[in-house]
Amino acid sequence: MRYVSTRGTAPVLTFGEAMLTGLARDGGLYVPETIPTMTPEEIADLAGLSYEKAAYRIMRPFVGDAFTDAEFREAIAHAYAHFGHAARAPLVQLAPDLFLLELFHGPTLAFKDFAMQLIGQLFQIALARDGRRITIVGATSGDTGSAAIEAFRGLDNVDVFILFPEGRVSEVQRRQMTTPSESNVHALAVKGDFDDCQARLKDMFNDFAFRDEVGLAGVNSINWARVLAQVVYYFTSAVSLGAPYRPVNFTVPTGNFGDIFAGYIAKRMGLPIGKLVIATNQNDILHRALTTGRYTTDGVKPSISPSMDIQVSSNFERALFDAYGRDGKAVAQMMDELKRGGFGISQGALETLRGLYHSGRVSEEETADSIRATWRATGELVCPHTAVGIRVAENARDTSVPMVALATAHPAKFPDAVEKATGQRPPLPERMADLFTRPERVTSVPNDLAALEAVVRERRRN
Ligand SMILES: *Cc1c(COP(=O)(O)O)cnc(C)c1O
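Quick caveat, the model's predicted, so the values are computed rather than measured. (Residues numbered from 1 in each chain as written. Predicted model: local features only at pLDDT ≥ 70, side-chain atom pairs only at ≥ 80, totals over all residues. Heavy atoms only, no water.)

Peer 1: Go over the packing of aromatic side chains with me, naming the residues and quoting the values.
Peer 2: Applying the stated criterion to the full structure yields 20 aromatic pairs. Considering the side-chain rings of Phe83 and Phe114, the 5.0 Å spacing of their centres and the 70° angle between planes classify their relative orientation as edge-to-face. Residue Phe83 is located in the loop between helix 4 (69–80) and strand 3 (91–95), and its partner Phe114 is located in helix 5 (residues 112–130); the two are separated by 31 residues in the primary sequence. Taken individually, Phe83 and Phe114 each receive the classification buried, so the pair is uniform in this respect. For the ring pair Tyr234 and Phe250, a centre distance of 4.8 Å and an interplane angle of 65° mean the geometry is edge-to-face. Here Phe250 lies in strand 9 (residues 248–253) and Tyr234 lies in helix 10 (residues 224–240), a separation of 16 residues in the sequence. Connected via pairs of aromatic rings, a cluster forms that spans Tyr51, Tyr80, Phe83, Phe114, Tyr233, Tyr234 and Phe250. The ring centre of Tyr56 lies 4.3 Å from the NZ or CZ of Arg73, which sits over that ring. (Phe/Tyr/Trp six-rings, centres within 6.5 Å; stacked < 30°, edge-to-face > 60°. Helix = DSSP H or I, 4+ residues; strand = E, 2+ residues; numbered from the N terminus. Buried < 20%, exposed > 50% of the residue type's maximum accessible area, 1.4 Å probe, protein only. Lys NZ or Arg CZ within 6 Å of the ring centre and 35° of its normal.)

Peer 1: Give a description of the packing of helix 13 (residues 316–323) against helix 14 (residues 328–339) that names residues and reports values.
Peer 2: Running from N to C, helix 13 and helix 14 cross one another at 140°; their axes reach a closest spacing of 9 Å. As far as their axial angle goes, helix 14 and helix 13 are oblique. You can see that helix 13 and helix 14 cross each other, and the crossing is right-handed. Between helix 13 and helix 14, the residues in contact are Glu317, Leu320 and Phe321 and Gly328, Val331, Met334 and Met335, respectively. In the contact of helix 13 with helix 14, the residues fall into 5 nonpolar, 1 polar and 1 charged. (Axes fitted to C-alpha atoms, helices over the stretch in contact; angles between N-to-C directions. Parallel < 35°, antiparallel > 145°, perpendicular 65-115°, else oblique. Left-handed = near helix turned anticlockwise from the far one by under 90°. Contact = heavy atoms within 4.5 Å. Nonpolar A, V, L, I, M, F, W, Y, C, P; charged D, E, K, R; others polar.)

Peer 1: Run through the pattern of salt bridges, naming residues and quoting values.
Peer 2: This model, assessed by the stated rule, comprises 31 salt bridges. We note a salt bridge from Arg60 to Asp69, for which the minimum N-O separation is 2.8 Å. You can call Arg60 buried: its relative accessible area is 16%. On the basis of relative accessible area, Asp69 is assigned to the partly exposed category, the value being 39%. Salt-bridge contacts for Asp143 lead to Lys413; the nearest nitrogen and oxygen are separated by 2.9 Å. Linking Asp143 in helix 6 (residues 143–152) with Lys413 in the loop between strand 14 (403–407) and helix 18 (415–422), this pair joins segments that are 270 residues apart in sequence. Each member of the pair, Asp143 as well as Lys413, is classed as buried. (Salt bridge = Lys/Arg side-chain N within 4 Å of Asp/Glu carboxyl O.)

Peer 1: Pulling in residues and values, what's your account of the sheet that holds strand 10 (residues 273–280)?
Peer 2: As summarised here, the arrangement of the 6 strands in space is 3-4-14-9-10-13, forming an open sheet in which the pairing is mixed. Of all the strands in the sheet, just strand 3 and strand 13 (357–361) have a single pairing partner and so form its edges. Adjacent strand axes in the sheet meet at a mean angle of 25° when their direction is disregarded. Against the sheet, helix 17 (residues 384–396) touches strand 3, strand 4 (98–102), strand 9, strand 10, strand 13 and strand 14, its axis set at about 130° to strand 10. (Pairing = 2+ DSSP bridges.)

Here it is, written out as structure tokens:
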């Protein structure tokens, strides 16, 4: 299996190389050269399998020779062993034709654990084999950082540094990053906002001497291995609801477009997905792009669903690449125009995208109302991101096809918004009830590249 860049000029890589590289050298994102497919019989055979067994069958063809069968099977087994639910991604029914896919039973209570836990295991195997050490540096507005720390804590060949904006993440999110005691984990509170953290991270990657010196690696949401891990739960949930004999629709609370793009891959593999619906909050660049045909940035408006507060949706580049018939040059040109504020999508590509994706946007008031209405109708407390998805799903469903709304985080991760809407404060699951009493370890750093690099140099183990 070979991986090509969405901008057409970076080297073609194996799965293992694409995973460790992250961003392609031409600035593009890696995608498989061809998408493997599953027959209806193979899909039907997934029914009743454990999540791990299904995951192995679905992902194996994408991995090629990068890992042996035994290595890959073991990585999957370890990745999901610490989830708090035997089904890993259970379905809950909200209405006759509406289901919630709970993706928050991992160690940090958000769906990002599905991918991050797996790539933690895969990195470990690949690095041990090559005798390599790397330094992972990531920037986070909350969920990605804690998921990365959980996935890489205690691993032999990895140091992990997470930059987060001091004072601007929720207490649960902060404690998830500052309470792990492993010496390879480094939580860095940056005096600045999330954009500052991302900008300093980019500066670090562009400092090639530093990058080589410390073996810098990234695990942000454009990493192909993360997208792949997310394909699995589209299959397991759809099969539970009657696929391949019956189509299933999905609605996905969307920020960087990684999760919903995994749904598109599942569809291309042969899963009978009817509608794939993008749900956005008031940061609605994707909804506007599909509606108007123009993709233009508009500044981030902070919302009560902060993990979807984005200015530019990075994985959308992968969707554009396919919609433009895999024309890397056209994609590179659009991304160039984006630096100047936006670009228009061609009529043909727009029709292709509209045929694949539906979309909806939910205001702040509607988000709170959706949390409240869901609780009143079903007794389920949902996080604000999930509530955005549910509201859009309700507007997009057609009663002959079951609609699955993805529940992307546990309500206890965003207790203030949930309590404000319902009067109920969602408790943390038992297994992390000591989060508020564990000691914190955090280094406060100025918003300055040289200072950050000095901390990374000094702290990483050699
Ligand atoms: C990351 C995240 C999202 C957005 O997912 P994308 O793959 O970036 O579209 C939605 N909800 C929650 C809770 C998240 O952490």
